[in-house]
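Close look at the chain arrangement
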Amino acid sequence: AKSAGRNSYKFYTADLNARAREILEIESQLRYALDRDEFVLHYQPQVDLRTGEIIGAEALIRWQHPDLGLLGPVRFIEVAEERGFIVQIGNWVIQEACRQLAQWRRQGLPRISLAVNLSTLQFKQQDLAVHLQRALSAHGLVGSDLDVEVTESVIMDDVETTIHTIDRIKSMGLQLSIDDFGTGYSSLSYLKRFKADKLKIDRSFVRDIPMDADDSAIARAIINMAKNLNMTVIAEGVETIEQWKFLDREGCHAAQGYLLAKPVPAKEFEKLLEKGVLL
Ligand code: C2E
Ligand code: CA
Ligand code: CA
Ligand code: CA
């Protein structure tokens with residue numbers, strides 16, 4: 001047992017060193033990534049649970065790193081936040097999402113809204129609302145074309161400032177979604193104050209439904225609460241038809257997950273849009 005323990009310790013430090021090296025590699029390249037145009041957005045459809053129709057999409061960032069290949073956000077977003085790059089990166093995401101959506105409209109593809117993820121630091125920007133408005137106007141879009149997804153931690157961070165910014169964003173017509181719902185430390189009272197339009201049930205509560213009785217009860221409770229507060233409920237991480245059926249039975253409005261489609265590059269997403277119905 002002792003030697004096994006030592007071995008696993010060794011593996012652990014090896015992993016740790018690899019991750020530490022990767023972080024250095026990421027830090028050294030991240031400042032150039034925007035100028036070199038190395039970020040791309042992938043798009044994952046959000047689908048109406050009744051009809052299987054695509055009603056929207058979430059834009060998810062990826063980084064084509066010069067040495068490490070295509071990186072998902074878990075590999076670099078935290079570093080970007082710590083180093084303060086996230087604001088510029090986030091502004092690029094907003095611009096690029098608007099540009100892409102406008103292009104799809106010009107191509108005559110079915111009209112959807114696009115959701116972008118915003119991080120806490122973006123809310124500390126004085127001009128987040130201005131930036132959103134400029135990006136929309138520059139591409140001939142209006143507020144209702146864009147959803148913003150924020151986690152509970154964004155909301156709990158600096159409540160007064162955040163409420164003010166959210167009110168402005170909402171008055172421009174953008175929809176506000178609470179991401180990863182149920183995983184944060186916030187109280188339920190903020191739901192009333194923030195008047196979110198959509199609530200996304202975190203994947204951790206979806207994974208084991210309908211088999212796990214506790215998770216099923218939690219998912220059901222979230223759906224009922226959201227509906228009673230007149231919010232749209234989206235289930236994240238739907239991978240099986242059993243999960244889909246459960247959510248449909250419970251009256252959940254929409255779903256996102258590998259059962260329907262993984263996040264894909266814009267060109268591939270166009271094919272999904274042309275299909276229109278995914279299930
Ligand atoms: P999130 O906002 O909760 O996004 C959903 C994540 O779940 C995505 O991971 C998506 O690929 C993954 N996912 C979707 N369906 C399934 C499924 O059926 N099964 C499983 N196992 N996973 C599924 P991704 O793209 O790696 O993004 C991770 C996180 O990075 C996002 O979590 C979000 O918090 C953050 N992120 C992504 N793009 C941006 C961005 O542009 N700005 C900021 N600030 N954060 C971003
Ligand atoms: Ca999200
Ligand atoms: Ca989420
Ligand atoms: Ca998440």
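Up top is the structure.
The rules behind these values
Residues numbered from 1 in each chain as written. Chains lettered and ligands numbered in written order. Predicted model: local features only at pLDDT ≥ 70, side-chain atom pairs only at ≥ 80, totals over all residues. Heavy atoms only, no water. Helix = DSSP H or I, 4+ residues; strand = E, 2+ residues; numbered from the N terminus. Expected span 1.5 Å × (residues − 1). Donors = N, O, S within 2.8 Å, 3.2 Å for Na, K, Ca; no water. Buried < 20%, exposed > 50% of the residue type's maximum accessible area, 1.4 Å probe, protein only. Near = heavy atom within 4 Å. Polar contact = N/O pair within 3.5 Å; in protein donor to acceptor, adjacent residues only side chain to side chain. Areas by Shrake-Rupley, 256 points an atom, 1.4 Å probe, with all protein chains shown as cover. Nonpolar A, V, L, I, M, F, W, Y, C, P; charged D, E, K, R; others polar. Salt bridge = Lys/Arg side-chain N within 4 Å of Asp/Glu carboxyl O. Pairing = 2+ DSSP bridges. Phe/Tyr/Trp six-rings, centres within 6.5 Å; stacked < 30°, edge-to-face > 60°. Lys NZ or Arg CZ within 6 Å of the ring centre and 35° of its normal. Axes fitted to C-alpha atoms, helices over the stretch in contact; angles between N-to-C directions. Parallel < 35°, antiparallel > 145°, perpendicular 65-115°, else oblique. Left-handed = near helix turned anticlockwise from the far one by under 90°. Contact = heavy atoms within 4.5 Å. Core = buried A, V, L, I, M, F, W, Y, C linked by side-chain atoms within 4.5 Å.

**Structural notes on helix α3 (residues 86–106)**
Here α3 is 21 residues long and its end C-alpha atoms lie 30 Å apart, about the 30 Å a rise of 1.5 Å per residue gives. Taken from the residues just after α3, Gly-108 is the one with a positive phi, measuring 80°.

**Details of the coordination of the calcium ion (ligand 3)**
For the calcium ion (ligand 3), every protein donor is listed as Asp-179 (OD), Asp-180 (OD), Glu-236 (OE) and Glu-236 (OE), and the spread of their distances is 2.0 to 2.6 Å. The sequence pattern formed by the donor residues of the calcium ion (ligand 3) is D-D-x55-E. A distance of 4.0 Å spans the gap from the calcium ion (ligand 3) to the calcium ion (ligand 2), which Asp-179 bridges by coordinating each metal. Residue Asp-179 is located in strand β6 (residues 175–181), and its partner Glu-236 is located in the loop between β8 (232–235) and α11 (241–249); the two are separated by 57 residues in the primary sequence. Each member of the pair, Asp-179 as well as Glu-236, carries the same accessibility label: buried.

**Some remarks on the site of ligand 1**
Taken together, 19 residues are adjacent to ligand 1, and Gln-44, Arg-62, Asp-179, Glu-239 and Tyr-258 come closest. Within the side chain of Glu-58, an N or O atom sits 3.2 Å from an oxygen atom of ligand 1. In the environment of ligand 1, an oxygen atom lies 2.8 Å from a nitrogen or oxygen atom belonging to the side chain of Arg-62. Notes on ligand 1: free accessible area 810 Å², of which the protein chains cover 82%. Of all the secondary-structure elements, those providing two or more residues to the shell around ligand 1 are β2 (54–65) and β6. With four residues, β2 is the single largest residue contributor to the shell around ligand 1. A breakdown of the residues in the shell around ligand 1 according to their chemical character gives seven nonpolar, five polar and seven charged.

**Side note on the pattern of salt bridges**
Inspection of the entire model under this criterion finds 15 salt bridges. Residue Glu-58 is joined to Lys-200 by a salt bridge in which the shortest nitrogen-to-oxygen separation is 2.9 Å. Within this pair, whereas Glu-58 is found in strand β2, its partner Lys-200 is found in strand β7 (residues 198–201), the two being separated by 142 residues in sequence. Each of Glu-58, Glu-149, Lys-200 and Glu-236 takes part in one network of salt bridges that share partners.

**A word on the pairing of β6**
Among the seven residues that make up β6, five are buried, leaving the element largely enclosed by the rest of the structure. Bridging between strand β5 (residues 146–151) and β6 involves five bridges; their strand directions are parallel. The residue bridging Thr-151 from the neighbouring strand is Asp-179, located in β6. Sheet topology note: the β6/β7 ladder contains three bridges and is parallel.

**Considering the packing of aromatic side chains**
Across all of its chains, the model carries seven aromatic pairs by this definition. Where Tyr-43 meets Phe-269, the ring centres are 6.0 Å apart and the plane angle is 40°; that geometry is what we call tilted. With Tyr-43 in strand β1 (residues 39–48) and Phe-269 in helix α12 (residues 266–275), this residue pair connects regions lying 226 residues apart in the sequence. Given a relative accessible area of 1%, Tyr-43 falls into the buried group. Pairwise contacts between aromatic rings join Phe-39, Trp-63, Phe-76 and Trp-92 into one cluster. We note Lys-262 situated over the ring of Tyr-258; from NZ or CZ to the ring centre the distance is 4.7 Å.

**Focus on the packing of α3 against α12**
The interhelical angle for the contact between α3 and α12, taken along N-to-C directions, is 45°, at an axis separation of 12 Å. With respect to each other, α3 and α12 are oriented oblique. At the point where α3 passes α12, the crossing takes the right-handed sense. Contact residues: α3 offers Gln-100, Gln-103 and Trp-104, while α12 offers Ala-266, Phe-269, Glu-270 and Leu-273. Counted by class, the contact of α3 with α12 contains four nonpolar, two polar and one charged residues.

**Considerations on the nonpolar core**
If you look at the biggest cluster of nonpolar residues, it comprises 82 residues, and the most contacted ones within it are Leu-30, Phe-39, Trp-104, Leu-247 and Phe-269. It is α3 that provides the largest number of residues to this core, a total of ten residues. Apart from residues no more than four positions distant in its own chain, Phe-39 is found in contact with Leu-30, Ala-33, Leu-34, Ile-61, Arg-62, Trp-63, Phe-76, Ile-89 and Trp-92.

Structural measurements only, silent on function.
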